[in-house]
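Coordinate inspection notes
Next come the chains, spelled out residue by residue.
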Amino acid sequence: MQEELKTERLLLRPLQTDDAERLAALANNWNVARMLARMPFPYTLDMAHQWIGKQTALRADGEEFTYAVDLDGDAVGACGLQSHADGTHELGYWIGEPWWNRGLASEAAAAVLAAAIERFGAATVISGHFAENHASGRVLTKLGFRYTGEEHRWCEARRERVHCLTMRLARTDV
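Presented here is a report on the structure given in the accompanying data block. All figures in this text were calculated on a predicted structure; none of them were measured in a lab.

**Concerning the pattern of salt bridges**
Scanning the entire structure with this criterion turns up nine salt bridges. Residue E107 is joined to R9 by a salt bridge in which the shortest nitrogen-to-oxygen separation is 2.7 Å. Taken together, the residues span a long stretch of sequence, with E107 in helix α4 (residues 104-120) and R9 in the loop between β1 (5-6) and β2 (10-14) at a distance of 98 residues. The partly exposed category is assigned to R9, whose relative accessible area is 36%. R38 is the salt-bridge partner of E64, the closest N and O atoms lying 3.1 Å from each other. Here R38 lies in the loop between α2 (30-33) and α3 (45-60) and E64 lies in strand β3 (residues 64-71), a separation of 26 residues in the sequence. The exposure class assigned to E64 is buried, which follows from its relative accessible area of 7%. R38 sits in the exposed class, given a relative accessible area of 54%.

Next up, the structure:
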């Protein structure tokens, strides 16, 4: 996928070491972490450095393509695509709470999704959200995702399995 993606308001770019402090502060928020499967809580600066440090290798190996969501020169979240062994690619994103309800998740996810469709094909893109995260459900349905089922996914922050609604973007939905 492209190194940088631009939207009307955002620059989606590879994560940088300089992003660690800001992203750690935004991610160390229960309201954010409890809605994400892989984010631990509390979230420390060391965790942010470790996560950012892995991104170049993950991108080079085609395993993950994660972007900093940059608004006016500041990282306000992250958005990316994770490759799975079965050939599917999963869209994920999060935005720091001070920037919620501004359409930034939708804008960032649309840009990553467009790049993913171009590179991998729309039929391979999946996503999902915890059942109580209605805002994330609205983001995904706006992008054309359709519900495919329900499951319980591990939430690292909550340290428990959480009811999740699974979604898929089918080629006919594009």
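**Here we look at the sheet that holds β1**
Pairing in this open sheet of eight strands is mixed, and the strands run β1-β2-β3-β4-β5-β6-β8-β7 from one edge to the other. In this open sheet, the two edge strands, each paired with only one partner strand, are β1 and β7 (146-155). Sheet topology note: the strand β5 (residues 89-95)/strand β6 (residues 125-130) ladder contains two bridges and is parallel. Each bridged residue has a counterpart across the sheet, and for E90 the counterpart in β6 is I126. Sheet strands touched by α4: β1, β2, β3, β4 (74-83), β5, β6 and β8 (160-169). Its angle to β4, the strand with the most contacts, is close to 35°. Most of the contacts of helix α5 (residues 134-142) go to β6, to which it runs at about 160°, and overall it touches β5, β6, β7 and β8.

**Some points on α3**
Its 16 residues give α3 an end-to-end C-alpha distance of 24 Å, which sits within 8% of 22 Å, the value for a rise of 1.5 Å per residue. By the largest-angle criterion, K54 marks the main kink of α3, which is about 30°. Contact partners of the buried residues in α3: α1 (20-27) and β3. Directly beyond the C-terminal end of α3, a positive phi value near 75° is found at G62.

**Focus on the packing of aromatic side chains**
Throughout the structure, instances matching the rule amount to two aromatic pairs. Considering the side-chain rings of W30 and F41, the 5.3 Å spacing of their centres and the 65° angle between planes classify their relative orientation as edge-to-face. Of this pair, W30 sits in helix α2 while F41 sits in the loop between α2 and α3; the two residues are 11 residues apart in sequence, bridging distant segments of the chain. A relative accessible area of 33% places F41 in the partly exposed class. Above the plane of the ring of Y67 lies R59, whose end atom (NZ or CZ) is 4.8 Å from the centre.

**With respect to α5**
Buried within α5 are the following residues: S136, G137, V139 and L140. Here the buried residues of α5 occupy an arc of 160° about the axis, which is enough to place them on one side. The outward face of α5, more than 90 degrees from its buried face, is lined by the exposed residues H134 and K142. At its buried positions, α5 is contacted by β5, α4, β6, β7 and β8.

**Digging into the pairing of β5**
Across the seven residues that make up β5, a large majority, six, are buried. Where β4 and β5 come together, seven bridges link them in antiparallel fashion. Looking across to β5, one finds that C79 is bridged to Y93. Linking two consecutive strands that pair antiparallel, namely β4 and β5, is a turn of five residues; a positive phi of about 90° is found at G87 within it.

Parameters at a glance
- Residues numbered from 1 in each chain as written.
- Predicted model: local features only at pLDDT ≥ 70, side-chain atom pairs only at ≥ 80, totals over all residues.
- Heavy atoms only, no water.
- Salt bridge = Lys/Arg side-chain N within 4 Å of Asp/Glu carboxyl O.
- Helix = DSSP H or I, 4+ residues; strand = E, 2+ residues; numbered from the N terminus.
- Buried < 20%, exposed > 50% of the residue type's maximum accessible area, 1.4 Å probe, protein only.
- Pairing = 2+ DSSP bridges.
- Contact = heavy atoms within 4.5 Å.
- Axes fitted to C-alpha atoms, helices over the stretch in contact; angles between N-to-C directions.
- Expected span 1.5 Å × (residues − 1).
- Bend = angle between axes of the 7 residues up to and from the residue.
- Phe/Tyr/Trp six-rings, centres within 6.5 Å; stacked < 30°, edge-to-face > 60°.
- Lys NZ or Arg CZ within 6 Å of the ring centre and 35° of its normal.
- Arc of directions from axis to C-beta.

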